[in-house]
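Letter by letter, the chains look like this.
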Amino acid sequence: MKRNSLEPSVNRNTQRASRMATLAAAGAHPPSSGLINPSVERASTILYPTVDEYMNRHDGFYDEVIYGLYGTGTTFALAESVAALEGGHRSVITSSGSAAITLGLMTFLKSGDHVLVADCVYGSTRRFCDKVLRPLGIDVSYFDPLADKETFAPAFRTQTRAVYFESPGSQTFEIIDVPRLASVAREKGAVTLMDNTWATPVFFRPLEHGVDVSIASATKYLSGHSDVMLGTLTTASVELYERVKDTVGRWGNCAGPDECYLVHRGIRTLDVRLERHQRNAMKLIEWLHDQPLVKRVLYPALSSDPGYAVWKRDFKGASGLFGVVLSPECRSVAASFFDHLGHFRMGSSWGGFESLMVPAWPRPERLHRPAPEDGFLIRVHAGLEDPADLIADLEDAFARMTAALSR
Ligand SMILES: *Cc1c(COP(=O)(O)O)cnc(C)c1O
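Scope of this entry: the structure provided in the associated data block. What you see is a predicted model; the values in this text were computed from it and never measured. Along each chain, numbering runs from 1 in the same order as the chain's sequence is written. Totals for whole chains, interfaces and linings use all residues, but because this is a predicted model, local features are given only for residues with pLDDT of at least 70 and pairs of side-chain atoms are given and counted only at 80 or more. The side-chain quantities take in all heavy atoms of the structure and omit both hydrogens and water.

Only runs of H or I of at least four residues qualify as helices and only runs of E of at least two qualify as strands under DSSP, and these elements are numbered from the N terminus. Broken down by element type, the protein chain carries 15 helices and eleven strands. The C-alpha atoms of the protein chain give a radius of gyration of 22 Å, which matches the 22 Å a tight globule of 407 residues would have. In this description, contact between two residues means that some pair of their heavy atoms is separated by no more than 4.5 Å. The contacts in the protein chain between residues at least 6 apart in sequence include a share of 75% that link residues at least 24 apart. The protein chains shown are the only cover counted for residues, whose accessible areas, like all others here, come from Shrake-Rupley with a 1.4 Å probe. A total accessible area of about 17200 Å² is found for the protein chain, and carbon and sulfur atoms account for 52% of it. With the radius of gyration taken over C-alpha atoms, the globule rule is written as 2.2 Å times the number of residues to the power 0.38.

Let us look at the packing of aromatic side chains. For this analysis, a ring pair means two rings from Phe, Tyr or Trp (six-membered ring only for Trp) whose centres lie within 6.5 Å, classed as stacked if their planes differ by under 30 degrees, edge-to-face if by over 60, and tilted for the remaining angles. The final tally for this structure, using the stated rule, is 17 aromatic pairs. Look at tyrosine 48 and tyrosine 54: their rings are 5.9 Å apart centre to centre, the planes differ by 70°, and that puts the pair in the edge-to-face class. On the numbers, 6.4 Å between centres and 75° between planes, the contact of tryptophan 198 with tyrosine 299 is edge-to-face. Residue tryptophan 198 is found in the loop between strand S5 (191-195) and helix H9 (200-203), and its partner tyrosine 299 is found in the loop between strand S8 (294-298) and helix H13 (308-314); the two are separated by 101 residues along the sequence. Neither residue differs from the other here; tryptophan 198 and tyrosine 299 are each classed as buried. Among the aromatic residues, ring-to-ring pairing joins Phe61, Tyr62, Tyr67, Tyr70 and Tyr241 into one connected group. In this structure, arginine 126 is placed above the aromatic ring of tyrosine 142, and the distance from its NZ or CZ to the ring centre is 3.7 Å. Partly exposed describes any residue whose relative accessible area lies between the buried limit of under 20% and the exposed limit of over 50%, with all areas from a 1.4 Å probe on protein chains only and scaled to the type maximum. Definition used: whenever NZ (Lys) or CZ (Arg) falls within 6 Å of the ring centre and also within 35 degrees of the ring normal, the charge is taken to sit over that ring.

For the rest of this paragraph, the subject is the pattern of salt bridges. Throughout this description, the term salt bridge denotes a Lys or Arg side-chain nitrogen within 4 Å of a carboxyl oxygen of Asp or Glu. Scanning all chains against the criterion turns up 15 salt bridges. Aspartate 177 is the partner of arginine 313 in a salt bridge, and the nearest nitrogen-oxygen pair spans 2.6 Å. Placement of arginine 313 in helix H13 and of aspartate 177 in the loop between strand S4 (160-166) and helix H8 (178-188) is noted, with a sequence separation of 136 residues between them. Here aspartate 212 makes a salt bridge to arginine 186, at a shortest N to O gap of 2.7 Å. Within this pair, whereas aspartate 212 is found in the loop between H9 and strand S6 (213-217), its partner arginine 186 is found in helix H8, the two being separated by 26 residues in sequence. A residue is classified by how much of its surface remains accessible, and aspartate 212, at 11% relative accessible area, is buried. Via salt bridges that share partners, Asp177, Arg180, Arg313 and Asp314 belong to a single interconnected network.

Moving on, we get to helix H6 (residues 123-133). Of all the positions in H6, only Gly123, Thr125, Arg126, Phe128, Cys129 and Leu133 are classed as buried. On the buried face of H6, the contacting elements are helix H5 (97-108), strand S2 (114-118), strand S3 (139-143) and S4.

An axis is simply a line fitted to the C-alpha atoms; with a helix, the fit covers only the stretch in contact. Between two such axes, the angle follows the N-to-C directions and lies from 0 to 180 degrees. For the pair helix H12 (residues 270-289) and helix H15 (residues 387-406), interaxial distance at closest approach is 10 Å and the crossing angle is 35°. Crossing of H12 against H15: the hand is right-handed. Facing H12, whose interface residues are Arg276, Asn280, Lys283, Leu284, Trp287 and Leu288, H15 presents Pro387, Leu390, Ile391, Leu394, Glu395 and Phe398. By convention, the crossing between two helices is left-handed when the near helix turns anticlockwise from the far helix through less than a right angle, and right-handed when the turn is clockwise.

Before going further, it helps to spend a moment on the site of the ligand. We call a residue near a molecule or strand as soon as one heavy atom of that residue lies within 4 Å of the molecule or strand. Around the ligand, the structure places 13 residues, and the nearest of them are Gly97, Ser98, Asp195, Thr219 and Lys220. The definition of a polar contact used here is a pair of N or O atoms within 3.5 Å, where within protein one atom must be able to donate a hydrogen and the other to accept one, and adjacent residues in sequence count solely through side-chain atom pairs. Between lysine 220 and the ligand, the recorded distance is 2.6 Å, taken from a side-chain N or O atom to an oxygen atom. Contact between the ligand and tryptophan 350: an oxygen atom at 3.1 Å from a side-chain N or O atom of the residue. Per element, the largest residue contribution to the shell around the ligand is three residues, and it comes from H5.

It is worth spelling out the nonpolar core at this point. What is meant by a nonpolar core is a set of buried Ala, Val, Leu, Ile, Met, Phe, Trp, Tyr and Cys residues, joined one to another through side-chain atoms within 4.5 Å. Within the largest apolar cluster, 124 residues are counted, with the highest numbers of intra-cluster contacts made by Leu105, Leu133, Trp198, Tyr299, Phe322 and Phe398. Aside from chain neighbours lying at most four places away, what touches tryptophan 198 is Pro168, Phe173, Tyr221, Tyr299, Pro300, Trp311, Phe315, Gly317, Ala318, Ser319, Leu321 and Trp350.

This part covers the sheet that holds strand S11 (residues 376-381). Sheet strands associate in pairs through backbone hydrogen bonding, adopting either a parallel or an antiparallel arrangement. In this scheme, strands are said to pair when DSSP sees at least two bridges between them. A sheet is described by the order of its strands in space; here four strands give the open sequence S8-S9-S11-S10, paired in antiparallel fashion. One side of each edge strand has no neighbouring strand; the edge strands of this open sheet are S8 and strand S10 (356-359). With strand direction ignored, the average angle separating the axes of adjacent strands in the sheet is 25°. Relative to the sheet, H12 contacts S8, strand S9 (321-326) and S11, its axis offset from that of S9 by approximately 10°.

Residue placement: aspartate 144 occurs in the loop between S3 and helix H7 (149-152). With a relative accessible area of 19%, aspartate 144 lands in the buried category. A polar atom in the side chain of aspartate 144 sits 2.9 Å from the backbone nitrogen of leucine 146. Once residues lying within four places of it in the same chain are set aside, the contact partners of aspartate 144 are His368 and Arg369.

Before going further, it helps to spend a moment on the sheet that holds strand S7 (residues 231-235). As summarised here, the arrangement of the seven strands in space is S1-S7-S6-S5-S4-S2-S3, forming an open sheet in which the pairing is mixed. The sheet is open, and its two borders are formed by strand S1 (90-94) and S3, each paired with just one other strand. Between one strand and the next, the sheet's axes are offset by a mean angle of 20°, whatever the strand orientation. Across three bridges, S5 lies against S6 in parallel orientation. The residue bridging methionine 194 from the neighbouring strand is serine 214, located in S6. Along the sheet, H8 contacts S3, S4 and S5; its crossing angle with S5, the most-contacted strand, is approximately 150°.

Here it is as structure tokens:
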């Protein structure tokens, strides 16, 4: 039975294209409707004309529309577009980036197993490992993101089933040597999962560097408009895809069709938006560099950054999110800086059109590379505005902070 099969929706042009801008713009389109965009298909019930087809519907679990929970045509269209961008076998869409991370880990871990997690991962990921995985009897250890092959290999145990990392690291922006760590993990028989939210496949394709499962919070750049929660998991093989799809289905996680539609639409402009985010980030950083209250900028695309050489080797670009370490005394006058911002806004999340700035607090439990202790860390997201306006806003904020410090 191929009645609701995914197959006809594959965009033949997408399959042939290899350049990111083309892949992003191409998306996936519906098989025969003539519409250039997928439709928003809202459904729980899917009807079957014969008892035979109904009884065998689960044969189509992995790639057909059989029940709303497991995805409608809109979900599969987004999955198709993400898989093409990632250069992966297939993608599974989840209700949030956090769900993609937790379900990705749950796919490969069971009681008695051990997982190696980079010390610099997203705070909620670490909380999930400590508060959910550990009580389930899964042993978690945190490794130094700057580990090389020699220091990383001894961290493996016979029970190590998975390695999880994020590069650059959340808040502190350490770059991991992904190909090297992924090859060690492969030798040891462990599955690798990478949170690639920061770079997106436009700037880094994890599967091409030996990673098994590439994870993204589509809430950020893929959607790009700060109005959606969604996550993606893209796998390197059929076997991995089926395991992930099983887990997401068994746990009853479902991405809404409206959200899938919006992210599919967002991806069309992903390449062009990231170019602008990158350019604006660089302009802001150049300006910040000259400010007396700025100690350092944490951004791997700076030649002075410790991660620069590996970033340059592996990544095609850098996105709009970076860290700034201010002089320690700035902490006491943070309100003068943050409370009267103009174009910059304050709020969680990032990856949308808007510029954001927030004080950053890396998890105090970090073992290897804690928060910078020599200053006050802030996190900046360069949005799509004209950088001259953003710099004017920063000028005012630094002037207010300087005045507050001299009082
Ligand atoms: C935001 C974020 C997440 C979580 O994604 P949600 O869609 O907010 O659940 C995971 N990883 C990184 C790096 C993020 O920035």
